[in-house]
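# Secondary and tertiary structure notes
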Amino acid sequence: PSHPPDSPCQLLGIDCYYIILLSLFFFGSMAFILVISFEEKLMMCISNSGLMQQASRDDGKIVIDRRLAAKKHSSPALDDDETSPLQSKRSSLMSNVEEADGAQVPRTIPSQPASYCEKLGAELDKLLQESFERLGYACALHPWRTLVIGLCVVVVLGQGTLYLHLTTDPVELWASPTSRSRQEKTYFDTHFEPFYRTEQVIIHAAGLKNVIHNTSNGPIEFGPIFNKEFLLEVLKLQNKIEKLGQEDGKGLEKICYAPLTSPFTGPTVVSQCVVQSIWGYYQNDKDEFNDETDEMNFKVNYLDHFIRCSQNSYSPECLALFGGPIDPAIALGGFLKPGESLSKDAPYEKATAVILTFIVNNYHNKTKLQSALKWEERFISFMKNWTATEKPSYMDVAFTSERSIEDELDKESRSDVITIFGSYVLMFAYIALALGQIRQCSTLLMDSKITLGLAGVMVVLTSVGCSVGFFGYVGVPATLIIFEVIPFLVLAVGVDNIFIIVQRHQREPKLEGESTEQHIGRVLGLVGPSILLTSVSESCCFFLGGLSDMPAVKAFALYAAMALFVDFLFQISCFISILTLDTKRREDHRLDMLCWMQSPNKEEKLPEEGTLYSFFRDWYAPCVLHRYVRPVVVLAFLAWLCV
């Protein structure tokens, strides 16, 4: 006997899961409130503990410091400001004055020497900063040359899209080529050909009553699909499907599975194709279907014939035109109750749906499938039109073909084009408005960053195109996920770097005697190392994802990693050149997008801070960091976690 299902864990009629989450929220909130309430005392204890430990470590040094200070008490105290990233104010917590031999002397605790790793990190940071500064100066000094070189790179890599292979087959997408199941399937398909392609139409009866049929064994209740009108409409639909492509010699008989044909039986005809349909019991003949006789004052009709054939589908009078039996479990549906398994005594007469199944030959060599793919496309188009214009009101129809999954994947990718385009337009508008230092309406075109924002979005798009083209040359198959997800991913990372570069350029004042090119180079030197660190980290993470055996994951990871890396290269070169041109345009008081025209307003002063920056500094940050708001925010997120 089957094991009874486990009863859910409950306490006082409440699910244990909800009790655990409620307890987590309650005790977590109480602990947080206690910490907030005694925050000052805890910080004082921690500070006192730190001072005692610091004093105990430096006892030996203090004696020496006192003696040296007594001899050189006239020397000035060391400045408390930090002069390098490796120095820290370790003496700020202790008294700066000690008594030595009765005299007040400055007390200084010497800072610990920098470790080798700290020195190496400082030298590396200095080297990167200088390298990025030289690169930024070179790109700013020769902006048009840099842009031409970038355009050549885009054109060369973009040609790789001509060699791109797009994969939509679910097996090739999600099954690893090295997996045992995939290898065994490939071996079987190579030697015996793949399993047949199936095209199905599922017709459910809607709003029809059951059919009561009186027999010598008593009345039998049949499902709603056994209404005569319903079955005749099914036959009409089946005949229309079988005639698809007949007018141009590309009908079902050219691609179907016909087991009782051979080169000696002549050309295949539609009647020899395997079609699993309830009408196979009647040889697709209306006269056979309508035939009725009287036996013992009871009418013997198509319903009695169905009972006999469903019990013995190999009876000669029940064989379909193709010469084989019709399996009632394939031709009918809805006769089993939920959870009921199929048995030889299944109540097929209670069926509520009819299923038409057309069997088509399949081949391991994909070039042999062109005829089948075209017929399936015609089949899908016909069914869409029939469902919209000819479907009776008492039918609910669903249909599918072997290519339906691939078509749906392709359809979803094409439908996302509008979403992707809209997101890029919105991001472009956001960049143009957020980076622009707009003072008033009269200087809108001079202060805006429309061209710069458009260039930033184009840099992101070209990086995705270069990634696709590069792997087109390499031969890594692409998936539709690449065109749906990677543009959003690269856009998010790329826009972040654009804001870092431009806003640092806006807020970093130009030094005296410094040219525009030198200023932009110095700005890139300041932000370049951090952008390099984040971009390389993200690319390496995705390149590690390329180690996956799953083709869809591997392709996505490789394409994303290359797109992020190329986007980084374009941003520190081409975008810097465009930023230089935009800066010179602004210095010459020329209009954005209309750079050949000068603005009559010659005012030089620009707002030092943007609207968003002022909002977050003056309103948002003080509100969130308020003493009473912080606990509320933490508790709100804790409650959200427990919901």
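Treat the numbers as computed from the prediction; the structure is a model and nothing was measured. (Residues numbered from 1 in each chain as written. Predicted model: local features only at pLDDT ≥ 70, side-chain atom pairs only at ≥ 80, totals over all residues. Heavy atoms only, no water.)

## Section: unusual backbone geometry
As a rule of thumb, non-glycine residues mostly have phi less than zero, and peptide bonds are mostly trans rather than cis. For Gln283, which is not glycine, the phi dihedral falls at a positive 55 degrees. You can see Gln283 is positioned in the loop between β9 (275-276) and α9 (286-290). Given the relative accessible area of 22%, Gln283 is considered partly exposed. (Helix = DSSP H or I, 4+ residues; strand = E, 2+ residues; numbered from the N terminus. Buried < 20%, exposed > 50% of the residue type's maximum accessible area, 1.4 Å probe, protein only.)

## Here we look at the environment of Glu221
Tracing the chain through its elements places Glu221 in strand β8 (residues 218-222). Residues Glu221 and Lys350 lie 129 residues apart in sequence; the distance between their C-alpha atoms is 7.3 Å. Not counting chain neighbours up to four residues away, the residues in contact with Glu221 comprise Asn210, Val211, Ile212, Glu349 and Lys350. Of note is the side chain of Glu221, whose polar atom sits 2.7 Å from the side chain of Asn210. (Contact = heavy atoms within 4.5 Å. Polar contact = N/O pair within 3.5 Å; in protein donor to acceptor, adjacent residues only side chain to side chain.)

## Observations regarding the packing of aromatic side chains
Under the criterion given, the structure shown has 20 aromatic pairs. For the pair Phe289 and Tyr302, a centre-to-centre distance of 4.5 Å together with 35 degrees between the ring planes defines the contact as tilted. With Phe289 in helix α9 and Tyr302 in helix α10 (residues 302-311), the pair connects residues that are 13 residues apart, well separated along the chain. What makes Tyr302 buried here is its relative accessible area of 6%. (Phe/Tyr/Trp six-rings, centres within 6.5 Å; stacked < 30°, edge-to-face > 60°.)

## Here we look at the state of the cysteines
For the coordinates displayed, the defined rule picks out two disulfides. In this model, Cys256 is linked to Cys273 through a disulfide, with the two sulfur atoms separated by 2.0 Å. As the torsion about the S-S bond is roughly -65 degrees, the Cys256-Cys273 disulfide counts as left-handed. A residue pair is termed long-range when its members are at least 10 positions apart, and Cys256 in the loop between α8 (228-242) and β9 and Cys273 in the loop between α8 and β9 qualify at 17 residues. Judged by relative accessible area, which is 6%, Cys256 ranks as buried. Paired by a disulfide, Cys309 and Cys318 hold their sulfur atoms 2.0 Å apart. Linking Cys309 and Cys318, the disulfide has an S-S dihedral of approximately -80 degrees and is accordingly described as left-handed. Just as Cys309 is buried, Cys318 falls in that class too. (Disulfide = S-S within 2.5 Å.)

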